[in-house]
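Read off the chains here:
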Amino acid sequence: MAGVTLRNVKKVYENGVEAVQDFSLEIADKEFVVLVGPSGCGKSTTLRMIAGLESITAGELYIGDRLVNAVPPKDRDISMVFQNYALFPHLTVYENMAFPLKMRHFPKRVIDEKVTEAAAMLDISELLKRKPKALSGGQRQRVAIGRAIVRDPSVFLMDEPLSNLDAKLRNQMRMELVALRERVQTTFVYVTHDQIEAMTLGDRIVVMRDGVIQQVGSPDDVYAHPANAFVAGFIGTPQMNLLPAELRCTGGIYSVSLSGVSLPLGAEAGRALAERAAPPQPVTLGIRPESVELLSAGARGLPAALSFAERLGGSVNLHAAFGAGELVLSVPAERAPRAGSALTLGLPPEAIRLFDPQSGASLF
Ligand code: ADP
């Protein structure tokens, strides 16, 4: 068992691409950390450096307290699962799973024990005699995970392991990974571009963009307090509304003006803004779709008109046009008004986030 520490790790490829810049992170023993971000942000490169499949241009990488920059992959005590399962087609499920142990000359009895145990854990005991071509995509991915588990690695690395599966199977495997994680007491580093996977699997998530860490935190924390407008927009579906507004302060009371409607801010926001802001100033107002309230006609709020409703079954995303733009709110299906309806929207002070329109950094 071991944690993983990256100190100022950098990767520049031979073609000059700076894939990862100054990456520092301490992953605790048995922690499940998810690297998430759009395609090309440097997630896989980071994972491959931990695995030893990619050299490190600068910085230090420790597994446990051992500096491993120059240690070959096979001596790092890690296992890796890739998007394409890379099973041997001519070997049975049993032989595929036994392979890494055979390579390490484990006794037959031990191999048998470990493969049987892993197969039971992954619910593939019935499939041990089959060849990969006789398996579904989900079953193949389970075998690939099984092959990684049998080695009892200190660190388990997974690179988009579910992205080849269809949506339903992906949801199912995601839940199985949550259960697996309870049973396999090891450190996980998991790469995905899918923010839902990141939110549901990670103890902590690391949001990356252009090779740079944007934020590290628990899923709840990142969701509630995104460090900048990029994270705010990336984590959450439908995404957080980001609207141009103006911050004001009258008699020590902070408010934000959106299309001429003044929205009061809470005392907590006031304390934070007293240090960071110089009103009046333009800001980007952020609010999650589920936080926007549908008020009764005549209430004090933001007047808007329903442009269209996106029906999702149990809930509906309402696209509402107001003076300067459009925002999305999600409401239970039974509360959805008719298209064209006039709406009055409530933006609760505690749900409002503010960002600097230039840098994107969070002001509150
Ligand atoms: P992600 O996993 O987030 O999609 P990658 O780590 O694969 O991102 O890639 C990060 C950046 O490095 C991208 O700009 C990509 O084009 C570049 N890159 C990845 N692998 C190589 C390589 N072997 N040689 C040169 N550039 C690479």
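Above this text you will find the structure in question.
Residues numbered from 1 in each chain as written. Predicted model: local features only at pLDDT ≥ 70, side-chain atom pairs only at ≥ 80, totals over all residues. Heavy atoms only, no water.

Peer 1: Explain the site of the ligand here, please?
Peer 2: Residues in contact with the ligand, as listed here, are Tyr13, Asn15, Val17, Ala19, Pro38, Ser39, Gly40, Cys41, Gly42, Lys43, Ser44 and Thr45. At 2.7 Å from an oxygen atom of the ligand is found a main-chain nitrogen or oxygen belonging to Gly40. One of the backbone N or O atoms of Ser44 is found 2.8 Å from an oxygen atom in the ligand. For the ligand, the protein covers 62% of the area, taking 560 Å² as the surface of the free molecule. If you tally residues by element for the shell around the ligand, the top one is helix 1 (residues 43-51), at three residues. (Near = heavy atom within 4 Å. Polar contact = N/O pair within 3.5 Å; in protein donor to acceptor, adjacent residues only side chain to side chain. Areas by Shrake-Rupley, 256 points an atom, 1.4 Å probe, with all protein chains shown as cover. Helix = DSSP H or I, 4+ residues; strand = E, 2+ residues; numbered from the N terminus.)

Peer 1: Looking at this model, I keep getting lost on unusual backbone geometry. Mind explaining?
Peer 2: What you tend to see is this: most non-glycine residues have negative phi, and most peptide bonds are trans. With an omega of -10 degrees, the peptide bond between Thr237 and Pro238 qualifies as cis. Even without being a glycine, Asp22 presents a positive backbone phi close to 45 degrees. A positive phi angle is found at Asp152, which is not glycine, with a value near 50 degrees. One can find Asp152 in the loop between helix 4 (137-149) and strand 7 (155-159).

Peer 1: In this structure, what is going on with the nonpolar core? I would like to understand it.
Peer 2: Ranked by internal contacts, the top residues of the largest apolar core, which has 45 residues, are Met97, Ile145, Ile149 and Val207. Contacts of Val207, omitting those with residues within four sequence positions, involve Val36, Val212, Ile213, Gln214, Gln215, Val222, Phe230, Val231, Phe234 and Ile235. One finds Leu243, Leu294, Ala320 and Leu329 within the second-largest nonpolar core, a separate group that totals 36 residues. (Core = buried A, V, L, I, M, F, W, Y, C linked by side-chain atoms within 4.5 Å. Buried < 20%, exposed > 50% of the residue type's maximum accessible area, 1.4 Å probe, protein only. Contact = heavy atoms within 4.5 Å.)

Peer 1: Help me out: how do you make sense of the packing of aromatic side chains in this one?
Peer 2: Each aromatic ring pair is summarised here by two numbers: the centre-to-centre distance and the angle between the ring planes. Overall, the coordinates contain five aromatic pairs when judged by the stated rule. A ring pair is formed by Phe32 and Phe188, whose centres lie 4.7 Å apart and whose planes are at 5 degrees; its orientation type is stacked. Of this pair, Phe32 sits in strand 3 (residues 32-36) while Phe188 sits in strand 8 (residues 187-192), and the two are 156 residues apart along the sequence. Just as Phe32 is buried, Phe188 falls in that class too. Through pairs of rings, three or more aromatic residues link up here, namely Phe32, Phe156, Phe188 and Tyr190. A cation sits over an aromatic face here: Arg288 above Tyr223, 3.9 Å from the ring centre. (Phe/Tyr/Trp six-rings, centres within 6.5 Å; stacked < 30°, edge-to-face > 60°. Lys NZ or Arg CZ within 6 Å of the ring centre and 35° of its normal.)

Peer 1: Sorry, what's going on with the sheet that holds strand 14 (residues 281-287) here?
Peer 2: Either a parallel or an antiparallel arrangement is found when strands of a sheet pair, and the pairing is made through backbone hydrogen bonds. Spatial strand order, 13-12-11-14-20: five strands in an open sheet with antiparallel pairing. If you trace the sheet from one side to the other, it starts and ends with strand 13 (261-264) and strand 20 (353-355), each paired once. Between one strand axis and the next, the sheet turns by 45 degrees as a mean value, whatever way the strands run. Bridge count for strand 11 (residues 241-250) against strand 14 is seven bridges, and the pairing is antiparallel. Counterpart to Asn241 in the pairing with strand 14 is Ile287. (Pairing = 2+ DSSP bridges. Axes fitted to C-alpha atoms, helices over the stretch in contact; angles between N-to-C directions.)

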